[in-house]
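# Coordinate inspection notes
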Amino acid sequence: MSDPILTVEDLTVSYGRVHAVRGVSFTVPRGGLVTLVGANGAGKSSIINAVSGVVRPSGGRITFDGRDVTRTPAHKLVSAGLVQVPEGRQILATMTIEENLQLGAWHTSGARTGEVYDRFPVLAERRKLPAGSLSGGEQQMLAIGRALVAEPTLMLLDEPSMGLAPKVVDEVFKVIEDIRAGGTSVLLVEQNARRALRAADHGYVLSSGEVVRSGPADELLADEGIVAAYLGLE
Ligand code: ATP
């Protein structure tokens, strides 16, 4: 097997005296879809933000595409192909849809903008309108589109289903599965554990900043003990 696209070893993240992540290790194989699941406060966002360079780890090592990127700033990681879709979408509501996509493509030619418009026709139709005029689901598609125009080899998604109606959640997961089918590796962080594990190849269950279980996603889903203890009864 080729080297994983992402290797995280013994990662720790602390905010003052709060130890949010305590020695977490995992890998994302090239072309794989891996999910980190766990309850609110388990440390998922802290991990994904450490990988994307938004939060500085207090210990451990992060290797992306064969390079040690543990303390590489976020903008350099984006240029290298590691692109995050942040929690809460973080679109610029008063700027147009087109401008939001241009921002995502700041370091590229923007060659993939046409593909994004083909994939999400609603964004093409409304390209001149403020992004804040879109529905929550459409804003999530814009946030994903903005990451796609950055030409990622690894896409990180932080709770993309948050606050969306079930039908829209299905659409978002379909898009994520398509992105992976197109060859982009995916690291997905979700509280919606069942849904995320159904899409993923491999899962890591987090609790209080530690990995408590990991394995093939279908095995985690089939394990009643895990479902009851960590994944809730959605
Ligand atoms: P959520 O679903 O709420 O985002 P999460 O699993 O992503 O949860 P984190 O957001 O990583 O978890 O939070 C892990 C722990 O770190 C929590 O106890 C949280 O309160 C704390 N924490 C997160 N960010 C900060 C911060 N900037 N300053 C202090 N504590 C923080």
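Residues numbered from 1 in each chain as written. Predicted model: local features only at pLDDT ≥ 70, side-chain atom pairs only at ≥ 80, totals over all residues. Heavy atoms only, no water.

## Here we look at the site of the ligand
- Residues in close proximity to the ligand total 14 residues, the closest being Asn40, Gly41, Lys44, Ser45 and Ser46.
- Contacts to the ligand include Ser45, whose backbone N or O atom sits 2.6 Å from an oxygen atom.
- With respect to the ligand, the side chain of Ser46 contributes an N or O atom lying 2.5 Å from an oxygen atom.
- In isolation the ligand has 620 Å² of accessible area, and contact with the protein removes 61% of it.
- The set of elements that each furnish at least two residues to the shell around the ligand consists of β2 (18-28) and α1 (44-51).
- The leading source of residues in the shell around the ligand is α1, at three residues. (Near = heavy atom within 4 Å. Polar contact = N/O pair within 3.5 Å; in protein donor to acceptor, adjacent residues only side chain to side chain. Areas by Shrake-Rupley, 256 points an atom, 1.4 Å probe, with all protein chains shown as cover. Helix = DSSP H or I, 4+ residues; strand = E, 2+ residues; numbered from the N terminus.)

## Here we look at helix α6 (residues 136-148)
- Its 13 residues place the ends of α6 18 Å apart at the C-alpha level, agreeing with the 18 Å of an ideal helix rising 1.5 Å per residue.
- By the criterion of burial, α6 is predominantly enclosed, with 12 of the 13 residues buried.
- Residues of α6 that are buried: Gly137, Glu138, Gln139, Gln140, Met141, Leu142, Ala143, Ile144, Gly145, Arg146, Ala147 and Leu148.
- Of the surrounding secondary structure, the elements contacted by the buried residues of α6 are β6 (82-85), α3 (97-104), α4 (113-119), α5 (121-125), β7 (154-158) and α7 (166-181). (Expected span 1.5 Å × (residues − 1). Buried < 20%, exposed > 50% of the residue type's maximum accessible area, 1.4 Å probe, protein only. Contact = heavy atoms within 4.5 Å.)

## Quick word on the layout of surface pockets
- There is about 400 Å³ of room inside the largest pocket.
- Contributing to the lining of the largest pocket are 19 residues, with Val78, Val83, Gln84, Pro86 and Arg146 lying nearest its centre.
- Where the lining of the largest pocket is concerned, the elements lending two or more residues are α2 (74-80), β6, α3 and α6.
- Along the lines of polarity and charge, the residues of the lining of the largest pocket split into 12 nonpolar, six polar and one charged.
- Of the voids in this model, the second largest pocket is the one considered here, and its volume is about 160 Å³.
- Around the second largest pocket, the lining residues are Arg119, Phe120, Pro121, Val122, Ser135, Gly137, Glu138, Met141, Val168, Glu171 and Val175.
- The set of elements that each furnish at least two residues to the lining of the second largest pocket consists of α5, α6 and α7. (1 Å grid on protein atoms, 1.4 Å probe; cavity = no way out; pocket = protein on both sides within 12 Å on 5 of 7 lines; lining within 4 Å. Points joined across faces, edges and corners; volume = space filled by probe spheres on them. Nonpolar A, V, L, I, M, F, W, Y, C, P; charged D, E, K, R; others polar.)

## Remarks on the sheet that holds strand β9 (residues 202-207)
- The sheet built from six strands is open, its strands ordered β6-β7-β8-β3-β9-β10 with mixed pairing. Edge strands, defined here as strands with exactly one partner in the open sheet, are β6 and β10 (210-216). Sheet twist, expressed as the mean angle between neighbouring strand axes with direction ignored, is 15°.
- Here five bridges tie strand β3 (residues 33-38) to strand β8 (residues 185-190), and the two strands are oriented parallel to one another. Opposite Val34, over in β8, you have Leu187 as the bridge partner. (Pairing = 2+ DSSP bridges. Axes fitted to C-alpha atoms, helices over the stretch in contact; angles between N-to-C directions.)

## Observations regarding the pairing of β9
- Direction of pairing for β3 relative to β9: parallel, over a ladder of five bridges. By the bridge assignment, Val34 is partnered in β9 with His202.
- Summarising the sheet, β9 and β10 pair through six bridges and their orientation is antiparallel. When the sheet's bridge partners are listed, Val205 is paired in β10 with Arg213.

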